[in-house]
Structures are given as structure tokens and as C-alpha cells.
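Fold and contact review
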Amino acid sequence: TSIVVLSGGVGGARFLRGLRAHLADAPGSAPGGPASALGLPDSSRDLAATAPDSATVTAVVNTGDDMWLSGVRIAPDLDSIMYTLAGENDEVRGWGRVGESERVSSELRAYGIGWPWFTLGDLDIGTHLARTALLRDGQTLTQATARITSRWPLGVRLLPVTDSEVETHVVVEPDDAAEGRSSMHFQEWWTRHRASLPARAFVQHGLESTTATPEVISAIVDADVILVAPSNPVVSIGTILGIPGVREAMAASAAPIVGVSPIIGGAVVRGMADACLSAIGVPTAADAVARHYGARADGGLLDGWLIDEVDASLAPGIEESGIPTRVAPLWMTDVARSARLAGTALDFVRELR
Ligand code: GDP
Ligand code: FO1
Ligand code: CA
């Protein structure tokens, strides 16, 4: 079984960690099955029953947050997923490496290089240097990512959605808060201004003459299952879908497409995705996000949509819009809960087949 997950950073990373755990624990996991295919330790293969159903997981990852800073290429969502699946992420802070130090960053600040409000941890800089070295040697971001992620047994293949530098910029009011500028890189709007400057639009710079990578297109077209992680619908999933070739590949794929709502009880679980949704006129509600993605039968994205129990009253309304809906606990507060959520999503896919 080939499972493709469209993913942003933290929400996507948590979902992928749960999916990996679910597949490792599934009764069907046999030697040579999901556990080994996913590069997990032997202990997780002990459930070795009979079914030879092996699963591979490929994450198609947003690269719109990426940028050059202080001479290095930074890819926040790829790194969030890599660190989380490696168990190396800072769970409390929500980004970067655990046990991080900031000596290099304070030197850069002293030189006035980089963004003073954006901290590159010392360990994290190791990743950026490695990526930059590979890119400067002529490798694509896809190749550089494969090389960098091979350090850890992630159990998930990470594919940047594109190898081109397509970066998300935010169109804002050119007032004092924006220092007179009418647009800025997403990272400045998100991290420096905490999404507080009203956004008029999100624009993908560098979109001309770009496409999704061949690896992404064939992963999607050949997938047996496609899951849309509970990621930011605008600047994570929206950015992925905006890369030419992705929507066409999704439409062409025979795989059912099931999405998981990042909105629980009419609020974002963490972060400021609500500011992104209001900028594009979508209410912060599980049904509104489903309608925004659209029913696949009507040329939209989704064959199915998972919402939380607290949003269950929305279910009939969503189904009227042509999107079959299931209700499940969507909080990914620990790996076990995330694994159950992933299992529910896969059960739902089976019902839709
Ligand atoms: P980012 O790139 O780091 O912003 O991460 P993503 O785009 O992957 O995901 C951000 C979204 O994840 C936010 O809008 C949150 O609402 C959502 N999210 C975070 N934790 C959870 C959770 O436990 N359950 C669900 N359903 N969504 C979550
Ligand atoms: N988020 C912050 O709030 N402050 C930072 O200084 C910061 C640095 C940083 C460095 C590398 C990296 O990959 C991510 C970093 N983040 C930081 C997180 C990042 O701004 C965002 O949360 C995402 O781009 C949104 O997904
Ligand atoms: Ca992101």
C-alpha cells in the first residue's frame, strides 16, 4: 500500500508520526511489512502475524516557507517533519531541535546579519549548512532532502513539493507597522509580526514556469491512499495545491483522498492559521475548510473529511456539500492518539473504496 500525505510543518509532522506508529502496530504488520518498510526497530515487528500487507508512506511537503537567510537555505516544514520523526524536535517550543544552543545566532546578530527576530539554533544550522552544501553542489532539493533525511530511520519519505524556489509572500497594508511595504515574506509576517498585520492575499513568488517534481507527480498518481494532514489549509496545503501539476495529479489518481480537519471546535489547535483563513474569506470552522477544499465529485479535492466530536453538529451540513464525513477525536496530544487518528483515517478510506 502506498500512502501519500500532503503536509505542512507541525500539524503534518504529528500526523505522520501517528501514521507511522499505527502502521507499525497494525495487526497486519509482518516481517518485511510496514515496520521494516518504515525502518522501525525490530521490536515493532513482533506482532508479525500473517498479512503481508506492506505500506510505504510518502509526505509531499510545503516549501513555501523556505528562504535564504544568512547564506543558508532554510526549509522549516521539511525540517519540522524530519526532527519530529527523528525524535529530535523541541516539543515545547514547537520548532527546531531539542537541546538547542544559540551561539552562532548571537554572533550573526552581532554582525547585523540575518533577521534579529529569527533564531537559527546551532544544531539547526548544521542542517541548513548540509542542505546548502548539497544545493551548491548542484543537487536538487529533492536529492538534498533524501541525503539529509537518510541520517535517521524516519520511516517516511519526504518529498518537497517542488525543487524551485517558490516562496510565499503576504500582501499587507503599506502602513507604519509594515514599514511602508506592501508585501513581505511569509516568515516575516508569521514570526516577526505573529500574523497580526491584516493579510490581503498570499502570493507564491517564483511560480512562473515551475512545476511539482516528477517524484511528487508519480507518488500522487500511483498512490493507493492520499491523506491531507491537519495542516494550515492556506499556507501549507494551499501552497502545495498551488504548485502546477499537483491538482492535476490528484484528480488523475485512483486513490481516495481523505482530509483531517486542523480546526477543532471552531478554533485552530495551535498557531495562527485563523489569520490565514480570514485573509482568504474562509471562516475558522471545520465545515468551512471542507467546503473550501471542495468535493472531489465536483472538481474539488476531497472524497472524505474527518472532523472532531465537538464539531459533529456540522457533519450533516458538510455531507450536503457532497463530502462524506466521519467524526473522531482529532487531538494529537500524544503519539497513541495520533496513531488512532491515522487508523481512523485509513478505515475511512477503506469504506470509500
Ligand atoms: P506549520 O507548518 O508548522 O504551521 O504546521 P502545519 O501547516 O502542518 O499545521 C498547522 C495546523 O496544525 C494548525 O492550523 C493547527 O490547527 C493544526 N494542528 C496542530 N495540532 C493539531 C492537533 O492535535 N489536531 C488537529 N486536528 N490539528 C492540529
Ligand atoms: N519560529 C519562531 O517563532 N521564531 C523563530 O525564531 C523561528 C526560527 C526558526 C528557524 C528555523 C526553522 O526551520 C523554523 C523556525 N521557526 C521560528 C518556526 C517557523 O517560523 C514557523 O513556525 C513556520 O515556518 C510555520 O510553519
Ligand atoms: Ca509551515
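It should be emphasised that the depicted structure is a prediction, and the values quoted were computed from it without experimental measurement.

1. Concerning the nonpolar core
Buried together is how nonpolar side chains tend to be arranged in soluble globular proteins. With 57 residues, the main nonpolar core has L6, W189, F202, V246, L302 and W305 as its most contacted residues. The biggest single contributor to this core is helix α12 (residues 286–293), with five residues.

2. What about the environment of T333?
With respect to the secondary-structure elements, T333 resides in the loop between β14 (325–327) and α14 (335–352). Within the structure, the side chain of T333 is placed 3.1 Å from the side chain of R337, a separation counted as a polar contact.

3. What to know about the packing of helix α3 (residues 76–86) against helix α5 (residues 122–136)
In the contact formed by α3 and α5, the axes pass within 12 Å of each other and the chain directions differ by 120 degrees. Regarding the angle of α3 to α5, the classification is oblique. By crossing handedness, the relation of α3 to α5 is classed as right-handed. Here α3 contributes D79, M82 and Y83 to the contact with α5, which in turn contributes D124, T127, H128 and R131. Counted by class, the contact of α3 with α5 contains two nonpolar, two polar and three charged residues.

4. Focus on the site of ligand 2
Taken together, 13 residues form the shell around ligand 2, and within it D65, T119, Q187, T191 and R194 come nearest. At 2.9 Å from an oxygen atom of ligand 2 is found a side-chain nitrogen or oxygen belonging to D65. For ligand 2, a nitrogen atom lies 3.3 Å from a polar atom in the side chain of W95. Protein contact buries 86% of the 530 Å² of open area that ligand 2 shows by itself. Every element with two or more residues in the shell around ligand 2 is listed here: α3 and α7 (186–192). When the residues that make up the shell around ligand 2 are grouped by side-chain class, the tally is six nonpolar, three polar and four charged.

5. Concerning unusual backbone geometry
Negative phi characterises most residues that are not glycine, and trans characterises most peptide bonds. The phi dihedral of S70 is positive, around 50 degrees, even though this residue is not glycine. With respect to the element layout, S70 can be found in the loop between β3 (67–69) and β4 (72–74). Classification of S70 as partly exposed rests on a relative accessible area of 29%.

6. Focus: the confidence of the model for the chain
When the pLDDT values of the chain are averaged, the result is 93; 92% of them are 70 or greater. The secondary structure element of the chain with the lowest average pLDDT is helix α2 (residues 34–37), at 46, and the one with the highest is strand β1 (residues 2–7), at 99. Here residues 30–37 is modelled with pLDDT under 50, and outside its nearest four sequence neighbours on either side it reaches 19 contacts, counting other chains as well. Note that pLDDT drops below 50 for residues 39–52; the model gives that stretch 24 contacts with residues more than four away or on any other chain.

7. Side note on the coordination of the calcium ion (ligand 3)
Reference values for coordination geometry: four tetrahedral donors around a metal ideally subtend 109.5 degrees, six octahedral donors ideally subtend 90 or 180 degrees. For the calcium ion (ligand 3), the protein coordination sphere consists of D65 (OD), D77 (OD) and D77 (OD), at 2.2 to 2.5 Å. Here D77 lies in helix α3 and D65 lies in the loop between β2 (56–61) and β3, a separation of 12 residues in the sequence. For the pair D65 and D77, one class covers both residues: buried.

8. Things to note about the site of ligand 1
As a structural note, the neighbourhood of ligand 1 is formed by 21 residues, with S231, S236, P262, L330 and M332 the closest of them. At 2.9 Å from an oxygen atom of ligand 1 is found a main-chain nitrogen or oxygen belonging to G12. The separation between an oxygen atom of ligand 1 and a polar main-chain atom of V269 is 3.0 Å. Alone, ligand 1 offers 600 Å² of accessible surface; in the complex the protein occludes 92% of this. With four residues, helix α1 (residues 10–25) is the largest single contributor of residues to the shell around ligand 1. Taken together, the residues of the shell around ligand 1 sort by class into 10 nonpolar, eight polar and three charged.

About the thresholds
- Residues numbered from 1 in each chain as written.
- Chains lettered and ligands numbered in written order.
- Predicted model: local features only at pLDDT ≥ 70, side-chain atom pairs only at ≥ 80, totals over all residues.
- Heavy atoms only, no water.
- Core = buried A, V, L, I, M, F, W, Y, C linked by side-chain atoms within 4.5 Å.
- Buried < 20%, exposed > 50% of the residue type's maximum accessible area, 1.4 Å probe, protein only.
- Helix = DSSP H or I, 4+ residues; strand = E, 2+ residues; numbered from the N terminus.
- Polar contact = N/O pair within 3.5 Å; in protein donor to acceptor, adjacent residues only side chain to side chain.
- Axes fitted to C-alpha atoms, helices over the stretch in contact; angles between N-to-C directions.
- Parallel < 35°, antiparallel > 145°, perpendicular 65-115°, else oblique.
- Left-handed = near helix turned anticlockwise from the far one by under 90°.
- Contact = heavy atoms within 4.5 Å.
- Nonpolar A, V, L, I, M, F, W, Y, C, P; charged D, E, K, R; others polar.
- Near = heavy atom within 4 Å.
- Areas by Shrake-Rupley, 256 points an atom, 1.4 Å probe, with all protein chains shown as cover.
- pLDDT = per-residue confidence, 0-100.
- Donors = N, O, S within 2.8 Å, 3.2 Å for Na, K, Ca; no water.

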